[in-house]
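Overview (structure and organization)
Here is how the chains run, residue by residue.
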Amino acid sequence: MPETAVVTCRGVSKTYVAAAGSVEALHAVELAVEAGTIAALVGRSGSGKSTLLRLIASLDEPDAGRIAVLGTDVAALRGRALRRYRRTSAAYVAQRAAASLVPHLTVREQLGAGNAETAAGLGLASRLDARAEQLSGGEQARAALAVALARDTPVLLLDEPTAELDRAAATLVIGALATAAAEGRTVVLTTHDEDLLELASTTIDLAPGAEAPEGVHRRATVTGPALLEVRRLSKAYRGRFVVEDASVRLGRGELGVVLGRSGSGKSTLLMAIGRFLRPDAGSVAIAGAETQAVPPWHTLAYLAQRFALLPELSVRENVALPLRLSGERDDARVTALLDQLALGELADRKPAEISIGQQQRAALARALAPRPAVLVADEPTSHQDRASAALVWDALSAAADDGTACLVATHEEAAAAHAGRVWRIVDGRVTPDS
Amino acid sequence: MWARGSPAAIEPALAASSLAPFYVTTPSHIRENGSVGAARRSYRFVTVIAIAAGALSLLSLLLYLQARQRSQRIATALARRMGLGRLGDAAALALEAGAVVAVATGVGGLVAVLTAAPVIGHVDPLPLYAPRPVAVIPWLTLAASTAAATAAGMLVGAAAAVLAARSDVAEALRVA
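Residues numbered from 1 in each chain as written. Chains lettered and ligands numbered in written order. Predicted model: local features only at pLDDT ≥ 70, side-chain atom pairs only at ≥ 80, totals over all residues.

1. Re the overall build of chain B
- Assigned secondary structure in chain B consists of 7 helices and 0 strands.
- Along its sequence from the N terminus, chain B presents helices and strands in the succession α-α-α-α-α-α-α.
- What you see for chain B is a C-alpha radius of gyration of 27 Å, clearly larger than the 16 Å of a compact globule of 176 residues, by over 25%.
- Judged by the C-alpha coordinates and their principal axes, chain B covers about 90 × 25 × 25 Å.
- Long-range contacts, defined as pairs at least 24 residues apart, comprise 80% of the intrachain contacts of chain B with a sequence gap of at least 6. (Helix = DSSP H or I, 4+ residues; strand = E, 2+ residues; numbered from the N terminus. Rg over C-alpha atoms; globule rule 2.2 N^0.38 Å. Contact = placed C-beta atoms within 7 Å.)

2. Quick word on unusual backbone geometry
All names here are of chain A.
- The phi angle at Ala28 is positive, at roughly 45 degrees, despite the residue not being glycine.
- Tracing the sequence through the fold places Ala28 in strand E2 (residues 21–34).
- In this structure, Asp427 takes a positive phi of about 50 degrees despite not being glycine.
- Within the fold, Asp427 resides in the loop between strand E18 (421–426) and strand E19 (429–432).

3. What about the interface of chain A and chain B?
- Taken together, the 22 residues of chain A in the interface contact 14 residues of chain B.
- Among the secondary structure elements, those contributing two or more residues to the side of chain A that touches chain B are helix H8 (266–273) and helix H9 (315–325) of chain A.
- Ranked by the residues each element gives to the side of chain A that touches chain B, the list is headed by H9 of chain A, at 3 residues.
- Considering only residue class, the side of chain A that touches chain B consists of 14 nonpolar, 6 polar and 2 charged. (Nonpolar A, V, L, I, M, F, W, Y, C, P; charged D, E, K, R; others polar.)

4. A word on the packing of H9 of chain A against helix H11 (residues 356–368) of chain A
All names here are of chain A.
- Remark: H9 packs on H11, axes separated minimally by 7 Å, with the N-to-C direction vectors making an angle of 30 degrees. When the axis of H9 is compared with that of H11, the two are roughly parallel. For H9 against H11, the interelement crossing comes out right-handed. For the pair H9 and H11, the contacting residues are Val315, Asn318, Val319, Leu321 and Pro322 in the first and Ala362, Ala365 and Arg366 in the second.
- Taken together, the residues of the contact of H9 with H11 sort by class into 6 nonpolar, 1 polar and 1 charged. (Axes fitted to C-alpha atoms, helices over the stretch in contact; angles between N-to-C directions. Parallel < 35°, antiparallel > 145°, perpendicular 65-115°, else oblique. Left-handed = near helix turned anticlockwise from the far one by under 90°.)

5. Quick look at the pairing of E18 of chain A
Residue and element names in this part refer to chain A.
- As judged from the 5 bridges shared by strand E12 (residues 255–260) and E18, these two strands associate in the parallel manner. Across the sheet, residue Leu259 finds its bridge partner in E18, namely Arg424.
- Pairing of E18 with E19 involves 4 bridges; the strand directions are antiparallel. Each residue of the ladder has a partner; that of Ile425, found in E19, is Val430.
- In textbook terms, the turn of a hairpin is the stretch between consecutive antiparallel strands, and for E18 and E19 this stretch comprises 2 residues, one of which, Asp427, has a positive phi near 50 degrees. (Pairing = 2+ DSSP bridges.)

6. Side note on the nonpolar core
Residues and elements named next belong to chain A.
- Leu364, Ala365, Leu368 and Cys406 are the most contacted members of the largest nonpolar core, which totals 83 residues.
- At 8 residues, helix H12 (residues 386–401) tops the list of elements feeding residues into this core.
- Ignoring sequence-local partners within four residues, the contact set of Cys406 consists of Leu255, Leu375, Ala377, Leu396, Ala399 and Ala400.
- Ranked by size, the runner-up nonpolar core spans 62 residues in total, among them Cys9, Ala94, Ala144 and Ala200. (Core = buried A, V, L, I, M, F, W, Y, C linked by C-beta atoms within 7 Å. Buried ≥ 20, exposed ≤ 12 C-beta atoms within 10 Å, placed from the backbone.)

7. Quick notes on the sheet that holds E2 of chain A
Residue and element names in this part refer to chain A.
- Read from one edge to the other, the open sheet built from 4 strands follows the order E2-E1-E4-E5, with strand pairing classed as antiparallel. Each having just a single partner strand, E2 and strand E5 (72–73) make up the two edges of the open sheet.
- Across 5 bridges, the pairing between strand E1 (residues 5–18) and strand E4 (residues 64–69) is antiparallel. Across the sheet, the residue bridging to Cys9 is Ile67, located in E4.

8. With respect to the sheet that holds strand E9 (residues 202–205) of chain A
Residue and element names in this part refer to chain A.
- Judged by pairing direction, the sheet is parallel, and its 5 strands sit side by side in the order E6-E7-E8-E3-E9 without closing on themselves. A single partner strand is all that each edge strand has here, and the edge strands are strand E6 (90–93) and E9. Averaged over all adjacent pairs, the angle separating strand axes in this sheet is 15 degrees, with direction ignored.
- As judged from the 4 bridges shared by E6 and strand E7 (residues 155–159), these two strands associate in the parallel manner.

9. Overview of the domain arrangement of chain A
Residues and elements named next belong to chain A.
- Annotation of chain A at the domain level lists domain 1 (5–205) and domain 2 (226–432).
- For domain 1 and domain 2, the distance between their C-alpha centres works out to 29 Å.
- Each partner contributes residues to the interface: domain 1 has 19 residues there, and domain 2 has 21 residues.
- Listed by contribution, the elements that provide at least two residues to the side of domain 1 that touches domain 2 are E1, helix H5 (137–150) and helix H6 (167–182).
- The class makeup of the residues in the side of domain 1 that touches domain 2 is 7 nonpolar, 8 polar and 4 charged. (Domains from an automatic or database assignment.)

10. Details of the pairing of strand E17 (residues 405–410) of chain A
Residues and elements named next belong to chain A.
- Counting buried positions along E17 gives 6 out of 6 residues, so the element sits mostly inside the fold.
- The alternating pattern of E17 places Ala405, Leu407 and Ala409 on one face and Cys406, Val408 and Thr410 on the opposite face, and all of these are buried.
- As paired strands, E12 and E17 are joined by 5 bridges and run parallel to one another. Each bridged residue has a counterpart across the sheet, and for Val258 the counterpart in E17 is Ala409.

11. Details of the packing of H9 of chain A against helix H10 (residues 331–340) of chain A
Residues and elements named next belong to chain A.
- Two elements in contact, H9 and H10, have axes whose closest approach is 10 Å; the angle formed by their N-to-C orientations is 125 degrees. On the basis of the axis angle, H9 is oblique to H10. The crossing of H9 and H10 is right-handed. Touching Arg316, Val319 and Ala320 of H9 are Val334, Leu337 and Leu338, all from H10.

12. Quick word on the environment of His418 of chain A
All names here are of chain A.
- Within the fold, His418 resides in the loop between E17 and E18.
- Since 26 C-beta atoms lie within 10 Å of it, His418 is described here as buried.
- Each C-alpha atom of the pair His418 and Arg238 lies 36 Å from the other, and the pair is 180 residues apart in sequence.

13. A word on H10 of chain A
Residue and element names in this part refer to chain A.
- Among the residues of H10, those classed as buried are Val334, Leu337 and Leu338. The buried side chains of H10 occupy one side of the element, clustering within an arc of 100 degrees when seen end-on.
- Close packing links the buried residues of H10 with H9 and H11.
- Ala342 sits one or two residues past H10 and shows a positive phi near 55 degrees. (Arc of directions from axis to C-beta.)

Shown next, in the form of structure tokens:
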């Protein structure tokens, strides 16, 4: 270990003990990060990246090993010293950026006086007076980073800082992190983002050997009666169209992707399709029937950006919930979905005992369990590494093979390679991709 | 000797008897005693504290339900689409809130009984006079207050479920 390292981990291990058994999240991890550099923790979903970051942030304690930041053993910190460390030495931004913000304070209030430029540099100039709870997921991620940067701590600990961002917003974040490192600040982050990995001077793989499968199977366009037909749908907030005149059509067994930047109207479009909000104009027909009623799960299943798994139930029970609530029982189907999404070994754990990426896959399995006619998925790979994202796309393809019409909204351009139909959404306007 | 009836009638009868009482007192004399008055004021103060504690518990329950409703409104909305009925949803929250209140009230009552037992001997306002303080556990009141609190908890829980069903899920999804 270099003596000049700002962050060092020696033989760090961490095991979580839960009712369903113990999980070794980290085993004898060694790490040294020099001042003014960016270190990226990589590895498949559930490999312990977030755990290591939380240990360095002193939000949790290792079972074995030593973590030193700026020469201080962080596990030994207590009381006032611990608070001072978190406040002045290491700023931490959680994977769910909202957890790092005070919901009822504006971005400007959280930044503190004289720090508005930090947020403006991250594309939030027009959102400075918005409360954190009013921001979109991508805006929250940037606001949380801006607050962390504004605190001017020598160490920044960032959990997936670009996971919920489109390329343009991610580029702003990457630029801000490059500047922070150039100014001598040390950044330790977890990421699956290739561009962010390029910026990192050190990459630590916590689960070597988990490679993404090669090749992508692009689905064919299917002709036939539409299972999901969106006609000229519009939705405005405060006089401004968020979705305007959008039309989307998917047949049985088709997988369609709506590509767009953060804030382009993707989620609003999906929420209108899912009848979570009422459109101002246009119609949504499922299996040929237009209805204003809330569609049941087996007609339209919805994977939101917030997974909303029931915390009291195990992963298996959550996945089986739509079947159970509709009076069905299909253990084989539940087990097959869990295995397909690499959740078999975690089936008896509670959602809080698995990673966010695993929670997202569990929510997808729950959506697919009753073989819905239509699946609507909002950013289904936003918290997945490459290998896990491939599992998600495989599951979506399998669902389409089963007859489900799958509509996915994402900012990831690579998603187009998996879809039979692709649309682009820019400022609420949806156009078929050529 | 204890006697029930009008002091005006009892005192001459006692004087005429062979018992030769040397001290006669009445409930009104006891109530007018300064020590007894202080003890009664203390108990009234404890009652006010108990009522305040009850109100605080109810407020805590409301805050708990509001926090729960906020954190689970998306999950609840999705579960409703999966087939969870309106009645089932309300019943689930009512049972949860009712169980929390029932357990809390039961534990509170038990703690009160257990702590009263060793204390009761030390709170005699007139230690020189018989009888010694007698511990009377108001089982009926305890049971009735537990039942009433549980019913109130269930009602509030069901109301919270109804309000949660009316909340703007799109807003919750938008800020995810």
